Amino acid sequence: MPTYRFAVEVLPEYLPDQSDPDNEVFSFAYTITVTNTGDVPAQLISRHWIISDARGHTEEVKGLGVVGQQPLLRPGEAFQYTSGCRLRTASGTMHGSYFCVADDGGQFTSPIPMFVLEAMDDGGPGAMNHRVLH
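From a predicted model like this one, the values you see are computed outputs, not experimental measurements. (Residues numbered from 1 in each chain as written. Predicted model: local features only at pLDDT ≥ 70, side-chain atom pairs only at ≥ 80, totals over all residues. Heavy atoms only, no water.)

Some details on the sheet that holds strand β2 (residues 26-36)
Ordered in space as β1-β2-β6, the three strands form an open sheet in which the pairing is antiparallel. Two strands close off the open sheet at either side, each with one partner strand: β1 (6-14) and β6 (78-87). Each strand axis lies, on average, 20° off the axis of its neighbour in the sheet, ignoring direction. Examined bridge by bridge, β2 and β6 share 10 bridges and lie antiparallel to one another. Residue pairing across strands places Thr31 opposite Thr82, the latter belonging to β6. (Pairing = 2+ DSSP bridges. Helix = DSSP H or I, 4+ residues; strand = E, 2+ residues; numbered from the N terminus. Axes fitted to C-alpha atoms, helices over the stretch in contact; angles between N-to-C directions.)

Overview of unusual backbone geometry
Non-glycine residue Glu24 carries a positive phi angle of around 55°. The topology assignment puts Glu24 in the loop between β1 and β2. For Glu24, a relative accessible area of 36% translates into the label partly exposed. Although it is not a glycine, Val67 adopts a positive phi angle of roughly 40°. One can find Val67 in the loop between β4 (58-64) and β5 (72-73). (Buried < 20%, exposed > 50% of the residue type's maximum accessible area, 1.4 Å probe, protein only.)

Points about the packing of aromatic side chains
Working definition: an aromatic ring pair is given by the centre-to-centre distance plus the angle between the planes. Under the criterion given, the structure shown has seven aromatic pairs. Residues Phe79 and Tyr81 carry aromatic rings whose centres are separated by 6.1 Å and whose planes lie at 35° to one another, so their mutual orientation is tilted. Here Phe79 matches Tyr81 in class, with each residue buried. Connected via pairs of aromatic rings, a cluster forms that spans Tyr4, Phe6 and Phe108. (Phe/Tyr/Trp six-rings, centres within 6.5 Å; stacked < 30°, edge-to-face > 60°.)

A few points about the pattern of salt bridges
Per the stated rule, a full pass over the model turns up two salt bridges. In this structure, Glu24 and Arg55 form a salt bridge, with 2.6 Å as the shortest nitrogen-oxygen distance. Here the residue Glu24 occupies a position in the loop between β1 and β2, and Arg55 occupies one in the loop between β3 (42-53) and β4, the gap between them amounting to 31 residues. Given the relative accessible area of 55%, Arg55 is considered exposed. Here Glu77 and Arg74 are joined by a salt bridge, their closest N and O atoms 2.8 Å apart. Judged by its relative accessible area of 52%, Arg74 is exposed. (Salt bridge = Lys/Arg side-chain N within 4 Å of Asp/Glu carboxyl O.)

Some thoughts on the confidence of the model for the protein
Summary statistics for the protein give a mean pLDDT of 92 and a share of 90% for residues scoring 70 or more. Low pLDDT (under 50) marks residues 123-134, which in the prediction has 25 contacts with non-local residues, meaning those over four places away or in another chain. (pLDDT = per-residue confidence, 0-100. Contact = heavy atoms within 4.5 Å.)

Quick look at the side chain of Ser110
Within the element layout of this structure, Ser110 appears in strand β8 (residues 107-118). At 3.0 Å, the side chain of Ser110 and the backbone oxygen of Phe6 are in polar contact. (Polar contact = N/O pair within 3.5 Å; in protein donor to acceptor, adjacent residues only side chain to side chain.)

Next comes the structure, spelled out in structure tokens:
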């Protein structure tokens with residue numbers, strides 16, 4: 001029986017130069033690496049995000065592909081992209097899933113683990129937060 005599986009790793013980053021805390025604008029980038037850890041080639045078709053800020057405001061984002069692409073990954077192959085979001089608070093979380101279709105017609109959902117977005121600016125360039133919740 002075939003194994004359908006994508007592993008997802010996330011590296012979030014606070015963007016102080018694109019943020020305006022006085023006006024409740026906190027900008028974040030996140031770099032995601034999706035690796036096909038299954039044994040069948042599969043394509044990432046769509047994404048579903050749940051983005052929450054520290055006040056409990058939640059936004060759902062659904063759409064085709066990621067950064068305008070629907071990558072087809074053979075077993076062992078990885079695809080990396082960077083995207084971003086803005087929050088009205090200095091911290092929040094994101095999690096979600098990818099809907100994927102394998103070459104043999106099998107369909108599966110790949111979870112995106114929850115990760116923390118936190119505005120940590122130590123005054124230096126590129127201050128980052130690397131916490132990922134498992």
